[in-house]
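# What the coordinates show
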Amino acid sequence: MSGRNAQPLIQAENIIKTYGAMNALNGVSLDIYQGDVVLIVGPSGSGKSTFLRCLNLLEVPTSGHIYFEGTDITDKKVDINAHRQKMGMVFQLFHLFPHMSVMKNLTLAPMKLQGKSREEAEEQAMKLLERVGLKDRADAYPDQLSGGQKQRIAIVRALCMNPDVMLFDEPTSALDPEMVGEVLNVMRELAEEHMTMVVVTHEMGFAREVASRVIFMDQGSIIEENEPKEFFDHPKSERLKNFLSKVL
Ligand SMILES: Nc1ncnc2c1ncn2[C@@H]1O[C@H](COP(=O)(O)OP(=O)(O)OP(=O)(O)O)[C@@H](O)[C@H]1O
Ligand SMILES: [Mg+2]
């Protein structure tokens, strides 16, 4: 794995998140290094999404710290938007702007937030569209696209900001089965290009294949963490054994 001696790209330190009396995260710590492909699995309600959303402060931790590229982004004095631009996020339900063409969806943030010219932003968007096989859909509107196409566009939209890390929350869960593969292929290519990725997923085959590390969460805690082969072939805790027996 690259950069093990270097400073982590993201360092989550003892993250606690409570909603009223409910503890969604019970003190989660995780270091994510440049080029890491971290896959997070676990039962429904275990805190996977909450943790992922804490990494870019879409959810504000109740306590604990998130260091991103050495900066404590949980520090109230930090301009979170500047840092969040470097963290691409892809959700289960795409979140494309329905009233904008694909190209508009892709160029809006680079032009508005990064000061790119239209030409520059469009050129980059076209290159990325070509990579995911959707160059011919630049003028389409989201409702003219399949779920798999929408999700590939959502990934491209995040990539257009040149992020240092990509966060994915169940990017294939809302897709018809025949469209899952095309989205996983794009993610697999990103992993091969050493994009740093944190992926919450139920796709165990994909996790085994692309992960540098797999994390098992249950009841708001990280229970087990390992490289994929060990993780799936020799789970240590009863809870992970039990989980794997249900999902594999
Ligand atoms: N905004 C919220 N208000 C109150 N409780 C919440 C909120 N968001 C999450 N929770 C609770 O926190 C816990 C963790 O939720 P989270 O969405 O992180 O789970 P998850 O592991 O992503 O589950 P799933 O696999 O179903 O997506 C759950 O019990 C959930 O009900
Ligand atoms: Mg979730």
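That block above? That's the structure.
These figures come from a predicted structure and were not determined experimentally.

Inspection of the entire model under this criterion finds two aromatic pairs. With 5.2 Å between their ring centres and 35 degrees between their planes, phenylalanine 216 and phenylalanine 243 make a pair best called tilted. Here the residue phenylalanine 216 occupies a position in strand 9 (residues 213–218), and phenylalanine 243 occupies one in helix 9 (residues 238–247), the gap between them amounting to 27 residues. Summarising the aromatic geometry, the rings of phenylalanine 231 and phenylalanine 232 are spaced 5.0 Å apart at their centres and angled 75 degrees between planes, so their arrangement reads as edge-to-face. Considered together, phenylalanine 231 and phenylalanine 232 belong to a single accessibility category, that of buried residues. Above the ring of phenylalanine 97, the side-chain terminus of arginine 157 is found at 5.9 Å from the ring centroid.

With that settled, consider the packing of helix 4 (residues 118–131) against helix 5 (residues 147–159). Contact geometry of helix 4 with helix 5 gives a least axis separation of 10 Å together with a crossing angle of 140 degrees. The angle between the axes of helix 4 and helix 5 places the two elements in the oblique class. Between helix 4 and helix 5 lies a crossing of right-handed hand. Contacts between helix 4 and helix 5 involve Gln124, Leu128 and Leu129 from the former and Ile153, Val156 and Leu159 from the latter. Here the residues of the contact of helix 4 with helix 5 sort into five nonpolar, one polar and no charged.

Below, the discussion takes up the layout of surface pockets. Here the largest pocket is characterised by a volume of approximately 580 Å³. In terms of lining residues, the largest pocket is bounded by 20 residues, among which Met89, Ala109, Leu113, Arg157 and Met161 are the most central. Put simply, the parts of the chain that give the lining of the largest pocket at least two residues each are helix 2 (80–84), strand 6 (87–90), helix 3 (102–114) and helix 5. Ranked by residues supplied to the lining of the largest pocket, first place goes to helix 3 with five residues. The residue inventory of the lining of the largest pocket, partitioned by class, reads eleven nonpolar, six polar and three charged.

The rules behind the values
Per chain, residue numbering runs from 1 following the sequence as it is written. Chains carry letters from A onward and ligands carry numbers from 1 onward, assigned in written order. Two thresholds apply to this predicted model, a pLDDT of at least 70 for residue-level local features and 80 or more for giving and counting side-chain atom pairs, whereas whole-chain, interface and lining totals are computed over all residues. With hydrogens and water set aside, each side-chain value is computed from the structure's full complement of heavy atoms. Each Phe, Tyr or Trp ring (for Trp, its six-membered ring) is paired with any other whose centre lies within 6.5 Å, and the angle between the two planes then decides the class: stacked below 30 degrees, edge-to-face above 60, tilted in between. Helix numbering and strand numbering both begin at the N terminus, where a helix is a DSSP run of H or I of at least 4 residues and a strand a DSSP run of E of at least 2. Burial classes: relative accessible area under 20% of the type maximum marks a residue as buried, over 50% as exposed, and values in between as partly exposed (1.4 Å probe, protein chains only). Sitting over a ring, as applied to charges here, requires NZ of Lys or CZ of Arg to be within 6 Å of the ring centre and within 35 degrees of the ring normal. Fitted lines through C-alpha atoms serve as axes, helices being fitted only where they are in contact, and the angles separating the N-to-C directions of these axes extend from 0 to 180 degrees. Oblique is the label for every angle not falling under 35 degrees (roughly parallel), over 145 degrees (roughly antiparallel), or within 65 to 115 degrees (roughly perpendicular). The hand of a helix crossing depends on one turn: near helix anticlockwise from the far one by less than a right angle means left-handed, and clockwise means right-handed. We call two residues contacting when some pair of their heavy atoms lies within 4.5 Å. In the scheme used here, Gly and all other residues not listed as nonpolar or charged are polar, with Ala, Val, Leu, Ile, Met, Phe, Trp, Tyr, Cys and Pro taken as nonpolar and Asp, Glu, Lys and Arg as charged. Think of a 1 Å grid over the protein atoms and nothing else: a 1.4 Å probe that fits but is trapped marks a cavity, an open set flanked by protein within 12 Å on at least five of seven lines marks a pocket, and residues with an atom within 4 Å of a point count as lining. Grid points are joined across faces, edges and corners, and a volume is the space filled by probe spheres set on the points.

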